[in-house]
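Here is how the chains run, residue by residue.
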Amino acid sequence: MINLVTNQKSAFTDEMYSICTVQDSLDYLYSLESIALDTETEGFDPHTDAIISLQLGNNDIQYVIDISTVDIQLYKELIETRLILMQNAKFDLKFLFKHNIIPKDIYDTFLAERVLSTGIDNIRKSLGALVFKYCNVSLDKSIVNVIGTEGLSTRVIQYAADDVKYLHQIQKEQLIKLKELGLQKTISLDNKYVFVLAYIEYCGMYLNSTKWKAKCLEDKQNMQNIKNQLDKYILDNPTDYKEFIDNQYNMFEEGFSTKINWNSEKQVIPLMEKLGVNVEIKDKKTGIIKKSIDQKILRPQINIHSLVSLYIKYKGYQKEVSTYGENWFEYINSKTKRIHTNYTQIMNTGRLSSGQKGNKKKGISQKPNMQNVPSEDRTRNCFTAMPKNKLIVCDYSGQEQIVLANKSLDKDLLKFYKKGLGDMHSFVASKIFPELAELPLDEIKKNHKEKRQIAKGAGFAINYGGTGITIAENLSISLEKGEEVYKAYFKAFPGLANYFKKEKEKAVKLGYVQFNEISYRKSFIPFFEEFKTLHNELYGTDNFWDIYKLEKSKHSDYFKTELSPKVRKYFKKKGDIERTSLNYPIQGTSADITKLAGIYVFKYLKENNLLFKVLMPNVVHDELHLECSEDIASEMAVVLKDCMEKAGEKFCKTIALKADPCITDYWTH
DNA sequence: ATCTGTAGCGCC
DNA sequence: AAAGGGCGCTACAGAT
């Protein structure tokens with residue numbers, strides 16, 4: 001049953017709905033423990049677009065409230081004292097924030113579906129998909145496109161009511177599944193965190209246009225300068241490089257010009273080959289040898305020719321100009337003068353991502369990725385606090401390493417952290433290389449840089465599932481040496497080896513990776529059924545391996561076209577699962593910690609009436625930002641540090657996770 | 001002209 | 001048997 005609440009009754013006469021008063025709606029809604037909520041808005045920007053209607057209700061009764069004539073504040077207390085059910089709450093929350101309405105609790109059907117299917121990309125999570133899946137009803141979502149032009153027409157009212165009608169039933173079904181899979185704590189965390197993320201998006205981050213303009217100009221000039229040098233080299237050596245020179249007289253630039261588009265790898269590869277650079281590399285996905293000129297290949301060959309380093313420099317400036325250049329002015333909100341990006345709350349690892357593709361037809365503006373802004377000062381310093389404000393930037397020190405130490409409980413790792421001081425990479429080096437065992441870490445850092453570098457690369461690679469081969473490739477050392485380092489690493493940290501082994505076995509057996517026993521977040525292996533089928537073929541009752549050996553010895557076609565690819569596929573998938581089992585719990589637990597820290601901060605701001613006074617401009621995996629007036633900055637720095645460390649304590653019970661805040665005018669450490 | 005896939009590279 | 005995780009944006013290249 002649809003009820004319309006409006007102060008312009010004469011405009012609404014359809015029999016499909018009844019008209020009722022604000023008081024009527026409140027009388028009913030106050031009797032509910034949980035209320036489904038949705039909004040229809042003029043657009044996507046809470047700072048410039050108005051709410052057209054607010055819908056509240058449940059499966060029985062839906063109230064469509066005409067916000068152009070009814071004061072939304074009449075519903076503030078109701079919304080702030082009930083459990084609110086929403087689909088993709090982050091969107092509506094920002095519009096509620098605009099009206100200073102902060103719900104008490106949220107259950108987000110979209111996030112719940114994401115929690116239930118983390119790791120599996122092809123599960124549809126739109127409201128339409130969920131209504132169909134859980135209620136077996138098909139909604140007509142095409143109406144969404146006419147809301148802007150039609151306003152509250154009859155069909156828009158019907159559509160708007162449908163958006164809240166089914167949420168309770170979806171919730172009920174999801175809760176059963178969440179319980180079955182042990183994911184109640186995960187969704188609880190994310191239902192709380194959605195406030196934080198909505199708040200961060202709402203606040204946005206200030207970009208100083210004057211500074212940014214200066215940076216853009218400098219980058220452009222540098223890029224042009226390097227490009228000229230590249231071109232000049234080719235043109236100065238016309239006999240050597242004639243295939244790269246355009247023989248047509250260029251009437252605008254006087255003289256010949258190069259044919260090379262320096263942004264095209266395809267065009268630069270032949271040049272690099274001519275210079276004597278080895279551009280061949282094995283493709284990671286396909287295993288096929290291909291030609292590539294990325295930095296990983298070029299850097300070690302930088303001495304072959306001066307053009308190699310020039311080209312690397314060019315690519316660097318090109319990246320700055322294209323990705324972090326003048327396009328950023330379009331990201332600045334006309335009303336707030338700040339950059340309000342979009343975050344996706346639950347990726348496969350439980351991490352956030354940032355950014356959004358634009359779509360002019362749908363009126364969606366592009367948003368920047370605020371998590372990969374170059375970390376050099378000249379770029380980050382353009383992101384500032386507003387005048388009279390301060391930024392507080394706080395990150396966890398060694399978050400993932402500490403999480404790993406706490407999860408693996410390797411006794412040597414624990415000892416290192418408990419003593420609390422020294423250089424981690426030197427410590428690893430002292431464990432890998434017997435000749436360094438007795439030396440103080442300071443001395444290793446100072447006098448054994450090469451070995452320390454190997455230890456650093458090895459530790460990083462191994463913690464993400466790399467092996468001796470990866471170590472060898474990364475550090476340009478022999479395969480044997482790589483294997484040696486790999487073995488030495490696990491010999492030095494047997495607890496780590498044991499932990500990795502158990503994690504791998506669990507994932508291969510269960511088909512999902514559980515990150516920790518605090519949030520219980522899980523990521524499901526999308527190809528697990530396929531893997532199991534393969535496993536059964538190889539290790540089931542048939543004597544697969546006898547046949548395999550026989551056919552292999554005969555070099556038969558059957559071996560080459562059937563057996564060998566099958567075995568390769570099986571071990572590839574097994575390796576994929578195993579690496580996931582190592583990496584996701586570390587990344588995902590770290591993400592959980594940062595999320596919980598945000599929840600604590602938001603709670604503090606809410607309880608101390610500091611929302612919209614103390615802003616949260618950004619979050620970058622292990623780093624949280626606050627922005628506030630100077631007079632309370634040092635107080636807020638302590639709050640931020642405490643919240644982050646308190647969140648750390650929940651997940652890291654053996655080795656504490658530290659956070660160090662920095663009060664600053666710019667985004668820096 | 002517009003779409004899609006890929007290479008490359010920015011961050012943690 | 002394979003052999004370093006997660007993400008998003010920009011450019012090019014090829015297809016339609």
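For every chain, the first residue of the written sequence is number 1, and numbering continues from 1 along that sequence. Following the order in which they are written, the chains are lettered starting with A and the ligands numbered starting with 1. Reporting of local features is limited, given that this is a predicted model, to residues whose pLDDT is at least 70; pairs of side-chain atoms are given and counted only at 80 or more, and all residues count toward the totals for whole chains, interfaces and linings. The basis for every side-chain value is the complete set of heavy atoms in the structure, and neither hydrogens nor water enter the calculation.

S.K.: What is the right way to look at the overall build of chain A in this model?
M.R.: Helix and strand assignments come from DSSP, with helices taken as H or I runs of at least 4 residues and strands as E runs of at least 2, each series counted from the N terminus. Assigned secondary structure in chain A consists of 26 helices and 21 strands. For the C-alpha atoms alone, the extent of chain A along its principal axes is close to 80 × 75 × 60 Å. To sort residues, take the accessible area from a 1.4 Å probe on protein chains only and compare it with the maximum for the residue type: under 20% means buried, over 50% means exposed, and anything in between is partly exposed. Counting over 669 residues, chain A shows a buried share of 52%. Between two residues, a contact is recorded if the distance between any of their heavy atoms is within 4.5 Å. Of the contacts made within chain A by residues no fewer than 6 positions apart, 66% connect residues no fewer than 24 positions apart. Surface accessibility follows the Shrake-Rupley procedure with a 1.4 Å probe radius. Residue values consider only the protein chains on display as shielding. Surface accessibility of chain A: about 33,100 Å² in total, with carbon and sulfur atoms responsible for 51%.

S.K.: What's the story with the environment of Arg82 in this structure? I'm lost.
M.R.: The topology assignment puts Arg82 in the loop between helix H2 (76-79) and strand E6 (83-86). Setting aside residues no more than four positions away along its own chain, Arg82 makes contact with Leu29, Tyr30, Leu32, Glu33, Ile35, Lys104 and Asp105. Pairs of N or O atoms within 3.5 Å make up the polar contacts considered here, provided that, within protein, one atom can donate a hydrogen while the other can accept it, and that residues adjacent in sequence are counted only when both atoms are side-chain atoms. At 2.8 Å, the side chain of Arg82 forms a polar contact with the backbone oxygen of Leu32.

S.K.: Would you mind showing me how to read the layout of surface pockets here?
M.R.: A cavity here means a set of 1 Å grid points, computed over protein atoms only, where a 1.4 Å probe fits but cannot escape. A pocket is an open set with protein on both sides within 12 Å along at least 5 of 7 lines, and lining residues have an atom within 4 Å of a point. Grid points are joined across faces, edges and corners, and a volume is the space filled by probe spheres set on the points. Volume-wise, the second largest pocket comes out at about 1,500 Å³. If you go around the second largest pocket, you meet 33 residues; those closest to its centre are Lys284, Lys296, Ile469, Thr470 and Glu473. By the convention adopted, Pro, Cys, Tyr, Trp, Phe, Met, Ile, Leu, Val and Ala count as nonpolar, Lys, Arg, Asp and Glu as charged, and the other residues, Gly among them, as polar. Among the residues making up the lining of the second largest pocket, the classes are represented as 8 nonpolar, 11 polar and 14 charged.

S.K.: Help me out: how do you make sense of the side chain of Asp108 in this one?
M.R.: Mapped onto the elements of the fold, Asp108 is located in strand E7 (residues 105-108). Charge convention: Lys and Arg are scored as positive, Asp and Glu as negative, and His as well as the terminal groups of each chain are ignored. Here, a salt bridge means any Lys or Arg side-chain nitrogen found within 4 Å of an Asp or Glu carboxyl oxygen. The buried charged residue Asp108 lacks any salt bridge, with Lys90 as its nearest oppositely charged partner at 8.6 Å. From its side chain, Asp108 meets the backbone nitrogen of Asn88 in a polar contact 3.0 Å long. With residues up to four places along the chain from it excluded, the contact list for Asp108 reads Met86, Gln87, Asn88, Ala89, Lys90, Ile187, Asn191 and Val194.

S.K.: Looking at this model, I keep getting lost on the protein's contact with DNA strand B. Mind explaining?
M.R.: Here a residue is near a molecule or strand as soon as one of its heavy atoms is found within 4 Å of it. Around DNA strand B, the surrounding shell holds 19 residues, and the nearest of these are Ser292, Asp294, Arg351, Asn372 and Asp622. Here DNA strand B approaches the protein such that, of its atoms within 4 Å, sugar and phosphate make up 82%. Arg351 is positioned such that a nitrogen or oxygen atom in its side chain is 2.7 Å from a base oxygen of DNA strand B. Residue composition of the surface near DNA strand B, by class: 5 nonpolar, 7 polar and 7 charged.

S.K.: Before we go on, may I ask you to explain unusual backbone geometry in this structure?
M.R.: Unlike most non-glycine residues, Lys337 shows phi in positive territory, near 65 degrees. Along the polypeptide, Lys337 turns up in the loop between helix H13 (306-323) and strand E13 (338-339). With phi around 55 degrees, Leu409 is a residue other than glycine that occupies positive phi space. On the secondary structure map, Leu409 appears in the loop between helix H15 (399-408) and helix H16 (411-419).

S.K.: What is the right way to look at the pattern of salt bridges in this model?
M.R.: Side-chain pairing between opposite charges can occur once the charged atoms of the two side chains come close. Using the criterion set out here, one finds 39 salt bridges in the structure. Between Arg155 and Glu150 there is a salt bridge; the shortest N-O distance is 2.3 Å. Since its relative accessible area comes to 32%, Glu150 is described here as partly exposed. Lys451 is the salt-bridge partner of Glu435, the closest N and O atoms lying 2.9 Å from each other. Taken together, the positions of Glu435 in the loop between helix H17 (424-432) and helix H18 (441-447) and Lys451 in helix H19 (residues 449-463) put the pair 16 residues apart, joining distant regions of the chain. Under the relative-accessibility criterion, Glu435 is labelled partly exposed at 48%. Residue class for Lys451 comes out partly exposed when judged on its relative accessible area of 25%.

S.K.: I'm lost on helix H22 (residues 494-510) in this one. Help?
M.R.: Expected span of a helix, by definition, is 1.5 Å for each gap between consecutive residues, and there is one gap fewer than residues. With 17 residues, H22 extends 24 Å between its outermost C-alpha atoms, agreeing within 8% with the 24 Å of an ideal straight helix rising 1.5 Å per residue. Note on H22: the residue one or two positions beyond its end, Gly511, has a positive phi of about 85 degrees.

S.K.: What is the right way to look at the nonpolar core in this model?
M.R.: The tendency in soluble globular proteins is for nonpolar side chains to be buried as a group. Grouped together as the largest cluster of nonpolar side chains are 152 residues, with contacts concentrated most on Tyr75, Trp328, Phe383 and Met636. Residue contributions to this core peak at 12 residues, all from helix H9 (residues 184-203). Setting aside residues no more than four positions away along its own chain, Trp328 makes contact with Leu207, Trp212, Thr323, Ile339, Pro368, Asn369, Met370, Val373 and Phe383. Leu230, Ile234, Ile293 and Val308 belong to the second-largest nonpolar core, a separate cluster that totals 24 residues. Take the buried residues of types Ala, Val, Leu, Ile, Met, Phe, Trp, Tyr and Cys, join any two whose side-chain atoms come within 4.5 Å, and each joined set is a nonpolar core.

S.K.: Which parts of the structure should I look at to understand the environment of Lys532?
M.R.: Turning to its location among the elements, Lys532 is positioned in helix H23 (residues 528-539). For Lys532, a relative accessible area of 37% translates into the label partly exposed. Through-space distance from the C-alpha of Lys532 to that of Phe433 is 40 Å; in sequence the pair is 99 residues apart.

S.K.: How should I be thinking about the environment of Val428 in this particular structure?
M.R.: Inspection of the secondary structure assignment puts Val428 in helix H17. Given a relative accessible area of 4%, Val428 falls into the buried group. The spatial distance from the C-alpha of Val428 to the C-alpha of Arg452 is 7.7 Å, given a sequence separation of 24 residues.

S.K.: Explain the protein's contact with DNA strand C here, please?
M.R.: Not every one of the 42 residues close to DNA strand C is listed here, only the nearest: Ser264, Thr470, Tyr548, Arg568 and Gln587. Here, DNA strand C places atoms within 4 Å of the protein, and 72% of those atoms are sugar or phosphate. Taking Arg579, its side chain carries an N or O atom lying 3.4 Å from a phosphate oxygen of DNA strand C. At a separation of 3.1 Å, a phosphate oxygen of DNA strand C approaches a polar side-chain atom of Tyr584. Those elements that place two or more of their residues in the surface near DNA strand C are helix H11 (265-274), H13, strand E15 (353-354), H19, helix H20 (468-475) and helix H25 (557-607). Per-element accounting of the surface near DNA strand C gives the leading share, 8 residues, to H25.

S.K.: Would you take a moment to explain the side chain of Asp66 for this structure?
M.R.: Relative to the elements of secondary structure, Asp66 occurs in strand E5 (residues 62-66). One polar contact links Asp66 to Thr6, side chain to side chain, over a distance of 2.9 Å. When sequence neighbours within four positions are dropped, the list of residues in contact with Asp66 reads Val5, Thr6, Phe12, Ile52 and Leu152.

S.K.: What should I look at first to understand the pairing of strand E4 (residues 51-57) in this one?
M.R.: Two faces make up the sheet, and in a regular strand the side chains alternate between them. The buried fraction of E4 amounts to 7 of the 7 residues, a majority that puts the element mostly inside the structure. Pairing geometry for strand E3 (residues 34-41) and E4, over 6 bridges, is antiparallel. Within E4, the residue paired with Glu40 across the bridge is Ser53. As defined by bridge partners, E4 adjoins E5 across 5 bridges and the pair is classed as antiparallel. Counted as the bridge partner of Ser53 is Asp66 from E5. The criterion for strand pairing is that DSSP finds at least two bridges linking the strands in question. The turn joining E4 and E5, which pair antiparallel and follow one another in sequence, is formed by 4 residues.

Nothing here speaks to function; it is all geometry.
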